[in-house]
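# Remarks on the overall topology
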Amino acid sequence: MAHVAVVQGNLERFSGFADLYDSVRPSPPAELGTLLATYAGTPQPAVVDLGSGSGLSSRWAATWAGSVIGIEPNGDMRAVAESRPVAGVAYRTGTAEDTGLPAGTAGVVLCVQSLHWMDPGPTLAEVARVLRSGGVLAVVDCDWPPVAGNARAEQAWVDVDRRIAAVEERLAGGRRMPAGTGGTDRHGSVEPGAVGAAVGPTGPQDRLGGARKWVKAGHLPRMAASGHFAFTRELALSHPVEGGTERFVALMQSQGTYQQLSRRGCSDEELGMDRFVAEVAAAWAGAPVPPVLAFTWRVRLGVTPAV
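Let me sum up the structure you'll find in this document. (Residues numbered from 1 in each chain as written. Predicted model: local features only at pLDDT ≥ 70, side-chain atom pairs only at ≥ 80, totals over all residues. Heavy atoms only, no water.)

## Side note on the overall build of the protein
Each helix and strand in the protein was counted, giving twelve helices and nine strands. Relative to its 307 residues, the protein shows a buried fraction of 55%. Here the contacts in the protein between residues at least 6 apart in sequence split such that 75% fall between residues at least 24 apart. When the accessible surface of the protein is summed, it comes to about 12,200 Å², and 55% of that surface belongs to carbon and sulfur atoms. (Helix = DSSP H or I, 4+ residues; strand = E, 2+ residues; numbered from the N terminus. Buried < 20%, exposed > 50% of the residue type's maximum accessible area, 1.4 Å probe, protein only. Contact = heavy atoms within 4.5 Å. Areas by Shrake-Rupley, 256 points an atom, 1.4 Å probe, with all protein chains shown as cover.)

Written out as structure tokens, the structure reads:
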């Protein structure tokens, strides 16, 4: 029953804002798809996208994959994905622990901004079952906030991030939360204040509403220790995206914790969002051109043994 409660808590955290998520979140860089296909040893691998959400990552994968199956348990997110059909992409209800797919289905399994919400033990076992020999798991996350070239705006992000975390802590009955809202986990570092069965890369963090999150810095060590992969490594790519102050603000508003607290009746004043919006506007006041944003994408890679 405890595991069911965690799954439900994680699903509730990402309900009700799929359209916003889909409109402002970035997609990984095109060159990453080419690289993953090279690691998989085939120009157009079959891809399984775990936690495919609103379909952003699945639509991106369709630009380089032979076929894509998106696995998403959240009905709100999946409905948005299905409303934006792309040739070669299909979506299914399922979880990372139980995809319902046959063994050896995929040349590449993706977890784009999603593995930190999945129980790593059973998830990695399911990934290994679904991957063919020599298949690739790519755990893809981006650093927050996006690089904006504006210290005042980026500091405003950090400040509101901390304010939202403090409100979550209070509503969780004083249980200490990580120093980040949606799990910023900046630059792959272990966030202070993590709580759960253990503190550090291997320990889960219990969050408001029964949700549970695993620190991103622990992804690669867990993959290496699982015994499912013959090779693991981490790599990073930087990728610019269309920017603007509105998108910078909307990216913060697309964080799961902000959305969850707003649904629970917390005002933007209480969460510090009104001050954040004003600071971001002031930071770029008089700028001759809209800001260009960039994301650093961190990829934890695992390749299954070749038979």
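Structure shown, so let's carry the discussion forward.
## A word on helix α9 (residues 245-253)
Residues of α9 that are buried: R247, F248, V249, A250, L251 and M252. Where the residues of α9 are buried, they touch α2 (18-24), α7 (151-171), β8 (231-241), α10 (256-263), α12 (273-283) and β9 (293-303).

## Describing α7
Between its first and last C-alpha atoms α7 spans 31 Å; for 21 residues at 1.5 Å apiece the expected length is 30 Å, and the two agree. By the burial criterion, the buried members of α7 are A153, A156, W157, V158, V160, D161, I164, A165, V167 and E168. For α7, the N-terminal capping position is held by N150, with its side-chain oxygen 3.2 Å away from the main-chain nitrogen of R152. Of the residues flanking the end of α7, it is G173, one or two places downstream, whose phi is positive at about 80°. (Expected span 1.5 Å × (residues − 1). Polar contact = N/O pair within 3.5 Å; in protein donor to acceptor, adjacent residues only side chain to side chain.)

## Description of the environment of K213
Assignment of secondary structure puts K213 in strand β7 (residues 212-214). Sequence spacing of K213 and D119 is 94 residues, and the spatial spacing of their C-alpha atoms is 8.3 Å.

## As for the sheet that holds β8
The sheet built from seven strands is open, its strands ordered β3-β2-β1-β4-β5-β9-β8 with mixed pairing. Strands with a single pairing partner mark the edges of an open sheet, and in this sheet they are β3 (89-92) and β8. Across this sheet, the average inter-strand angle for adjacent strands is 20°, counted without regard to direction. As defined by bridge partners, strand β1 (residues 46-50) adjoins strand β4 (residues 106-112) across three bridges and the pair is classed as parallel. If you follow D49 over to β4, its bridge partner there is L110. (Pairing = 2+ DSSP bridges. Axes fitted to C-alpha atoms, helices over the stretch in contact; angles between N-to-C directions.)

## A few points about the nonpolar core
Counting 54 residues, the largest nonpolar core has L36, W64, L110, F248 and F276 as the members making the most contacts within it. The residues contacting L36, other than those within four sequence positions of it, are W60, W64, V108, L110, V136, A138 and L301. With 19 residues, the next largest nonpolar core counts I69, C111, L137 and M223 among its residues. (Core = buried A, V, L, I, M, F, W, Y, C linked by side-chain atoms within 4.5 Å.)

## Things to note about the layout of surface pockets
Approximately 200 Å³ is the volume found for the second largest pocket. For the second largest pocket, the full set of lining residues is R152, Q155, A156, D159, V160, R163, G272, R275, F276 and E279. The set of elements that each furnish at least two residues to the lining of the second largest pocket consists of α7 and α12. Sort the elements by how many residues they give to the lining of the second largest pocket and α7 lands first, with six residues. (1 Å grid on protein atoms, 1.4 Å probe; cavity = no way out; pocket = protein on both sides within 12 Å on 5 of 7 lines; lining within 4 Å. Points joined across faces, edges and corners; volume = space filled by probe spheres on them.)

## Overview of the packing of aromatic side chains
As enumerated under the stated definition, the model contains nine aromatic pairs in all. Note on F248 and W284: the rings are 5.4 Å apart at their centroids and 80° apart in plane angle, and the pair reads as edge-to-face. Here F248, found in helix α9, pairs with W284, found in the loop between α12 and β9; they are 36 residues apart in sequence, far enough to count as distant. Judged on exposure class, the residue F248 and its partner W284 are both buried. One aromatic cluster is present, formed by W144, W157, F248, F276, W284, F295 and W297 through successive ring pairs. (Phe/Tyr/Trp six-rings, centres within 6.5 Å; stacked < 30°, edge-to-face > 60°.)

## Quick look at the packing of α9 against α12
A pair of packed helices is characterised by two quantities: the angle between their axes and the separation of those axes. Running from amino to carboxyl end, α9 crosses α12 at an angle of 155°, the nearest separation of the two axes being 10 Å. Relative to α12, the element α9 lies roughly antiparallel. The handedness of the crossing between α9 and α12 is right-handed. When α9 is examined against α12, the residues T245, F248, V249, M252 and Q253 are found in contact with a partner set consisting of M273, F276, V277 and V280. (Parallel < 35°, antiparallel > 145°, perpendicular 65-115°, else oblique. Left-handed = near helix turned anticlockwise from the far one by under 90°.)

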